[in-house]
Amino acid sequence: MTLGHLSSAEKALAMLRHLPRVSVNNLAKLPTDSLPKKTPLRGAKNRNKRDMFKIWSPLGWEGGSSPIFKTTPVEVSYNYGYHAQRQYPPMSLKTLQLLIDTGRLDTHHPIDLATLCQTKVYRLDPNLRQFGVHLTAEGMDGFKAKVHLEVQWASQEAIAAVERNGGSLVTAYFDIFSVKALADPIAFFKTGQPIPRRLTPPADAVGYYMNPANRGYLADPTKVAEERVLLAQKFGYSVPPLDDPVSQEAQELIKDPRQVFYGLQPGWIVSLADKRIYKPLDEELVKHYNS
Amino acid sequence: MFQICRRACQTPRNVLRLLAVPRYASFKAPDAAASNETVVSDLDQIPAEPGTAASSERPSRRFVFHDEDLDNESSRIRPPVPPSRETIFRQYPPESLAGVTRYAWLETLDASEPRTDRLLALHPEIWAARPRLDNLFHNVEWQLWYKDVWYTHERNPKQMPPGIGRPWPQKGTGRARHRTIRSPLWVDGGRCHGAQNPRSHFYMLPYMNRLNGLIHALSVKFAQDDVHIVRDLHIPSPDPEYIEDFIENQGWSLSTLFVDTDDIMPANITAATEKINHFNLMPVYGLNVHSMFYHSTLVLTESALNTIESKLLFGLHRTDRTDVAINSMRTPRPPKFDYRTY
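Residues numbered from 1 in each chain as written. Chains lettered and ligands numbered in written order. Predicted model: local features only at pLDDT ≥ 70, side-chain atom pairs only at ≥ 80, totals over all residues. Heavy atoms only, no water.

Undergrad: Even after reading the chapter, I still don't get the overall build of chain A, so can you show me in this structure?
TA: Within chain A, the secondary structure is distributed over 12 helices and seven strands. Buried positions account for 35% of the 291 residues belonging to chain A. Long-range contacts, defined here as pairs at least 24 residues apart, represent 57% of the contacts in chain A between residues at least 6 apart. Just so you have it, chain A exposes about 18,300 Å², and 56% of that area is on carbon and sulfur atoms. (Helix = DSSP H or I, 4+ residues; strand = E, 2+ residues; numbered from the N terminus. Buried < 20%, exposed > 50% of the residue type's maximum accessible area, 1.4 Å probe, protein only. Contact = heavy atoms within 4.5 Å. Areas by Shrake-Rupley, 256 points an atom, 1.4 Å probe, with all protein chains shown as cover.)

What follows is the structure, encoded as structure tokens:
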């Protein structure tokens, strides 16, 4: 019985042909499943919880009674403030092209974070302080789709690859409550809460989202148009005009800086059970959500 | 899920018995009808299927079948028609790393024509998966344990009859001091912190383990030549000897599990296997790892094969597989109290 040329699955199945019949009686778990548990250290070696926390404290944690600037003569840790940083899980242009080719994304409509999360291929967990998608340039040469994207972070190469095909790209900031609503809209609507009012970006992100080179949603549109041309000259392609009706439709669907979902305004309540949308009438609510 | 499990736990014989009560209780003898006397028929007196050999052998039946609900085939709820083999392969083309496509002859339970000339292609992701016997073990263990409830009740000393009071005086005997013979120190005494309530062993195996358990079981059974695919479960005779001889002549092993899509089986095979404990019938929604390995041979109808394959492939390729797999590993908890809604 020579099995060298077979894959592991075929090898296993070929061996099973010559072994006794598998039945309830001869099934067994792995030997590692029934190993005895290691007993913890006892006596003087046993550490208390506080000591364990010192050893296995989270990245960037400052423990102890004396502050870090007194205990260490060097600059702050590389991981300082890691737990508070915003995370942007990446997605490449290659993956985006694959999603479009396999029919999981419809390019006739603008694509935002809710659309990407609905594919279940791109995974986002707002509870881990993940604030949105970072579009990376991997696969930029093979990117042929014409899309209208709204992402949270994008490199210059990714922007160029999208605009070369006649598409458009906007980088937009969403606060964590808006991201939670976008990551799973159905679960959010089932909670019965009104659609939140999107907050302005924090101080360290304002510069990025006001920069027309990043296609920020707070940038001046005329400067963004200039940057479109500049980027095309940098990468050596001609800017296709945005006169396509699909593009016009996409231009109409630009989100307001306070808006979370396309076609839905903050303060509205979407009831999936009633198939109705409830809008606030109270003046204070209207004023709050429109401010 | 628990509902489904309970349903799947019922053996088809139980299902048939439950169904048989209204079905066969309404066999009335024409003579006794006037006296309003209901005769409950035995399964031996099942009306034979029309057009079979048995109907010619037993032309005169004492009882008349007149259950309108079950007699009317159009009113009965039938299982959904599974997709065809071509649809399954078109919808789920085998992955490049999956094994070689398996083939099986389409057979019948008719001794005059035991094998047709149709060769069925079996999806390699289901029938040529790399089997993990430990996963199969955990599936069987789960099936045996999740429905297990211990009703042990151990009494503490206060719950026991008081006994004789002090076994000996407190002082003066030189023996140990005891107030009652129901103390936990005594033989046949009470039990401290013993089991007082029913203890459930219910737990759910993660979704992917259950899914892979079924896939690995089918792969193992097929690799050991223990799977046979038949056109349907119709046999020409309700005689138990017929099915015994047939299986012996075919070289199948003794214990056999017949699986069909519909949970109301054909009358002949129901009658033939009723008294034979090692031949069992099962609807496809009840198919499980334990039953597959409890029986030596697995006989699937073609529609059952299509149903199993399409359902398992859907589970393997569903887009929310990660969510389902992660959620199945979490213990369900009541919803969190949200003060913002009040």
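Undergrad: I keep staring at the pairing of strand 6 (residues 256-260) of chain B and nothing clicks. Help me out?
TA: Taken residue by residue, a regular strand's side chains alternate between the two faces of the sheet. All names here are of chain B. Counting buried residues in strand 6 gives five out of five residues, a clear majority hidden from the surface. Where burial is concerned, the two faces of strand 6 agree: the one with T256, F258 and D260 and the one with L257 and V259 are both buried. Relative to strand 7 (residues 279-283), strand 6 runs parallel, the two being bridged by five bridges. Paired with F258 across the strands is L281, a residue of strand 7. The parallel pair strand 6 and strand 7, bridged by helix 10 (residues 267-273), forms a crossover whose chirality is right-handed. (Pairing = 2+ DSSP bridges. Right-handed = clockwise from strand over helix to strand, strands pointing away.)

Undergrad: I tried to follow the sheet that holds strand 8 (residues 297-301) of chain B on my own but got confused; where do I start?
TA: One key point about sheets: their strands pair by backbone hydrogen bonds, in either a parallel or an antiparallel sense. All names here are of chain B. The sheet built from six strands is open, its strands ordered 2-1-5-8-6-7 with mixed pairing. Single-partner strands in this sheet number two, and they are strand 2 (115-122) and strand 7. The mean inter-strand angle of the sheet, taken between neighbouring strand axes irrespective of direction, is 30°. As defined by bridge partners, strand 1 (residues 102-107) adjoins strand 2 across five bridges and the pair is classed as antiparallel. Within strand 2, the residue paired with Y103 across the bridge is A121. (Axes fitted to C-alpha atoms, helices over the stretch in contact; angles between N-to-C directions.)

Undergrad: Hey, could you run me through the interface of chain B and chain A in this one?
TA: Quite often, the size of an interface is put as the accessible area lost when its parts meet. The partner chain A presents 23 residues to the 32 residues of chain B that form the contact. For the pairing of chain B and chain A, the buried interface totals around 2,300 Å² over both sides, and the portion due to carbon and sulfur atoms is 56%. In this structure, the connection of chain B to chain A is made through five salt bridges. The partner of A:R21 in a salt bridge is B:D226, with the nearest N and O atoms 2.9 Å apart. At the junction of chain B and chain A, the tally comes to 13 residue pairs in polar contact (both at pLDDT 80 or more). Broken down by secondary-structure element, the contributors of at least two residues to the side of chain B that touches chain A are helix 7 (133-145), helix 8 (207-223), helix 11 (289-294) and helix 13 (321-329) of chain B. With six residues, the single largest contributor to the side of chain B that touches chain A is helix 7 of chain B. Partitioning the side of chain B that touches chain A into residue classes produces 13 nonpolar, nine polar and 10 charged. (Buried area = accessible area lost by both parts, 1.4 Å probe. Salt bridge = Lys/Arg side-chain N within 4 Å of Asp/Glu carboxyl O. Polar contact = N/O pair within 3.5 Å; in protein donor to acceptor, adjacent residues only side chain to side chain. Nonpolar A, V, L, I, M, F, W, Y, C, P; charged D, E, K, R; others polar.)

Undergrad: Please clarify how the side chain of A:R215 should be interpreted in this entry.
TA: All names here are of chain A. Structurally, R215 is set in the loop between helix 9 (203-210) and helix 10 (221-235). At 3.4 Å, the side chain of R215 forms a polar contact with the backbone oxygen of E227. Non-local contacts of R215, meaning those with residues more than four positions away in its chain, are made with I159, E163, L169, V170, T171, V224, E227, R228 and L231.

Undergrad: Looking at this structure, I do not really get helix 10 of chain A. What am I missing?
TA: The periodicity of an α-helix, 3.6 residues per turn, causes residues three or four places apart in sequence to face the same way. Residue and element names in this part refer to chain A. Here helix 10 contains 15 residues, and its C-alpha end-to-end distance of 21 Å stays within 8% of the 21 Å for a straight helix at 1.5 Å per residue. When helix 10 is considered as a whole, its buried residues turn out to be V224, R228, L231 and A232. What you see down the axis of helix 10 is that its buried residues fit within an arc of 100°, all on one side. Facing away from the buried side of helix 10, by more than 90 degrees, are the exposed residues E226, Q233 and K234. Buried residues along helix 10 sit in contact with helix 6 (156-164) and strand 5 (168-171). Two residues or fewer after helix 10 comes G236, characterised by a positive phi angle close to 80°. (Expected span 1.5 Å × (residues − 1). Arc of directions from axis to C-beta.)

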